[in-house]
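Summary of the model geometry
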Amino acid sequence: AAALLLLFPFVASDYWLYMACLVAINVASATGLNILTGYTGLVSLGQAAFMGLGAYTVAILQTRYGTPMLLNLLAGGVVAMLGGIIVGIPSLRVKGLYLAIATIAASFIAHFLFANFEFTGGTAGLSLAPARVLGMDLDTSFRLYWLIVPVTVLMLLGAANLFRTRIGRAFIAIRDRDISAEVLGIALLRYKLLSFGLSSFYAGVAGGLWAYFFRVVTPESFPLLMSIFFLAAIIVGGMGSILGGILGAVFMTMVPELLKLLVDLLPGGASLAVFLSPVRLVIFGALIIGFLVFEPLGLAEVWRRVRRFFHLWPFRN
């Protein structure tokens, strides 16, 4: 896999490099949401808002102060983490649907702040100059690939190792039975806030990468629909699994594009493509529903079954 990631940018076209960068950003944010929802059992519909906090932090530091790129990304993650901790305070008293509504409220508050403060650029937003590394402008998908993908890989490694620690095991205990976890001595408020903070940190860094990738940040860049996108990604991929977050983000990002390419290849020209565009969205929605109905454990479980099959092949009965 590492070799493929290293070779990919040298053989791929600009379009596929663009998609690879976008997939990597979505994988980073989906992994953060999986820490909160999949591993800790706390539902959130505010992931887009935390990405917005990270993106705006990066944009403000870049345009106003010219601070280094890596420092900007770290600051974006920290600011989003602080926002996530504040939003996570109600999680001690409410959970499930009520917690989801609380995070939706946070999304609307964040949108209001982005659109009405002067230092955020108001409704016009902020435009960024290309990120610079060693005097080189990261102004193409090929160059940005070497920033976005390594950062995402490091975040994935961090998440995978998190659940080998006491903190990660505490998250899982809270998800499985929070009352029993508290009886065993796990401080619910501390670990729930920590889960919110880590999830938001991932979203903030992903938002910073998003800002450097698109080089413009507006209040409309991070709608509630984006939060639903990430929640759907971890459900389709498999909650409580690092691999599930990766597969879900890839599925949610690439399948609409692949369906679009398939429609464009059909005979009949642009008029037929326009006619079939709603059908493409219906097919995409049907695929998501199909996974929920026929494979509730997600794409990660499909991958595990394939591995088990070939692990015994050709000696299966």
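An account of the accompanying structure is given in this report.

Rules behind the numbers
Residues numbered from 1 in each chain as written. Predicted model: local features only at pLDDT ≥ 70, side-chain atom pairs only at ≥ 80, totals over all residues. Heavy atoms only, no water. Helix = DSSP H or I, 4+ residues; strand = E, 2+ residues; numbered from the N terminus. Buried < 20%, exposed > 50% of the residue type's maximum accessible area, 1.4 Å probe, protein only. Areas by Shrake-Rupley, 256 points an atom, 1.4 Å probe, with all protein chains shown as cover. Lys, Arg positive; Asp, Glu negative; His and termini not counted. Charge placed at Lys NZ, Arg CZ, Asp CG, Glu CD. Patch = residues over 30% accessible without salt bridge, like charges linked within 9 Å, V, L, I, M, F, W, Y side chains within 5 Å. Salt bridge = Lys/Arg side-chain N within 4 Å of Asp/Glu carboxyl O. 1 Å grid on protein atoms, 1.4 Å probe; cavity = no way out; pocket = protein on both sides within 12 Å on 5 of 7 lines; lining within 4 Å. Points joined across faces, edges and corners; volume = space filled by probe spheres on them. Nonpolar A, V, L, I, M, F, W, Y, C, P; charged D, E, K, R; others polar. Core = buried A, V, L, I, M, F, W, Y, C linked by side-chain atoms within 4.5 Å. Contact = heavy atoms within 4.5 Å. Arc of directions from axis to C-beta. Phe/Tyr/Trp six-rings, centres within 6.5 Å; stacked < 30°, edge-to-face > 60°. Expected span 1.5 Å × (residues − 1). Polar contact = N/O pair within 3.5 Å; in protein donor to acceptor, adjacent residues only side chain to side chain.

Some words on the overall build of the protein
Counting its regular elements, the protein contains 13 helices and 4 strands. Projected onto its principal axes, the C-alpha positions of the protein cover 65 × 65 × 40 Å. Within the protein, buried positions represent 48% of all 317 residues. When the accessible area of the protein is evaluated, it comes to approximately 16,300 Å², of which 72% is carbon and sulfur surface. In the protein, 20 side chains carry a positive charge and 12 a negative one; their mean positions are 11 Å apart.

Let's talk about a nonpolar patch on the surface
A cluster of nonpolar side chains, L243, V302, W303, V306, F309, F310 and W313, forms an exposed patch at the surface whose accessible area comes to about 670 Å². Checked against the element boundaries, F310 lands in helix α13 (residues 299-312).

Things to note about the layout of surface pockets
Its volume calculated, the largest pocket comes out at about 650 Å³. Every element with two or more residues in the lining of the largest pocket is listed here: α1 (2-11), α2 (14-39), α6 (141-162) and α11 (242-265). By residue number, the principal contributor to the lining of the largest pocket is α2, which donates 6 residues. Class assignment of the residues belonging to the lining of the largest pocket gives a composition of 18 nonpolar, 1 polar and no charged. Of the volumes computed, that of the second largest pocket is approximately 340 Å³. Lining the second largest pocket are 14 residues; nearest its centre among them are N26, L225, M226, F229 and F230. Considering each element in turn, the lining of the second largest pocket owes the most residues, 6 residues, to helix α10 (residues 224-237).

Section: the nonpolar core
One finds I25, M51, L147, I148, V217 and F222 to be the most contacted residues of the largest nonpolar core, which totals 77 residues. Looking at this core, the element that brings in the most residues is α2, giving 15 residues. Those residues in contact with F222 that lie beyond four places of it in its chain are A48, M51, G52, A55, W210 and V217. In terms of nonpolar packing, the next biggest core, distinct from the first, is built from 11 residues, A233, F251, V255 and F284 among them.

Observations regarding helix α7 (residues 166-176)
Considered for burial, the residues of α7 that qualify are G168, A170, F171 and I174. Angularly, the buried residues of α7 cover 160° about the axis, an arc narrow enough to put them on a single face. Residues R166 and D176 are exposed on α7 and point more than 90 degrees away from its buried face. Here the buried face of α7 lies against α2, α6, α8 (178-183) and α9 (188-214).

Quick notes on the packing of aromatic side chains
Tallied over the entire structure, the rule returns 16 aromatic pairs. Aromatic pair F213 and F214: ring centres 4.8 Å apart, planes at 75°, arrangement edge-to-face. The exposure class of F213 is buried, given its relative accessible area of 9%. Every member of this aromatic cluster is reached through a ring pair, and the members are F8, F10, F142, Y145 and W146.

Some points on α11
In a regular helix each residue adds 1.5 Å, so 24 residues correspond to 34 Å; α11 covers 34 Å between its end C-alpha atoms and thus fits that length. Between the side-chain oxygen at the start of α11 and the backbone nitrogen of L243 there is a gap of 3.4 Å, and the oxygen is on S241.

As far as function goes, none of this settles anything; it's purely spatial.
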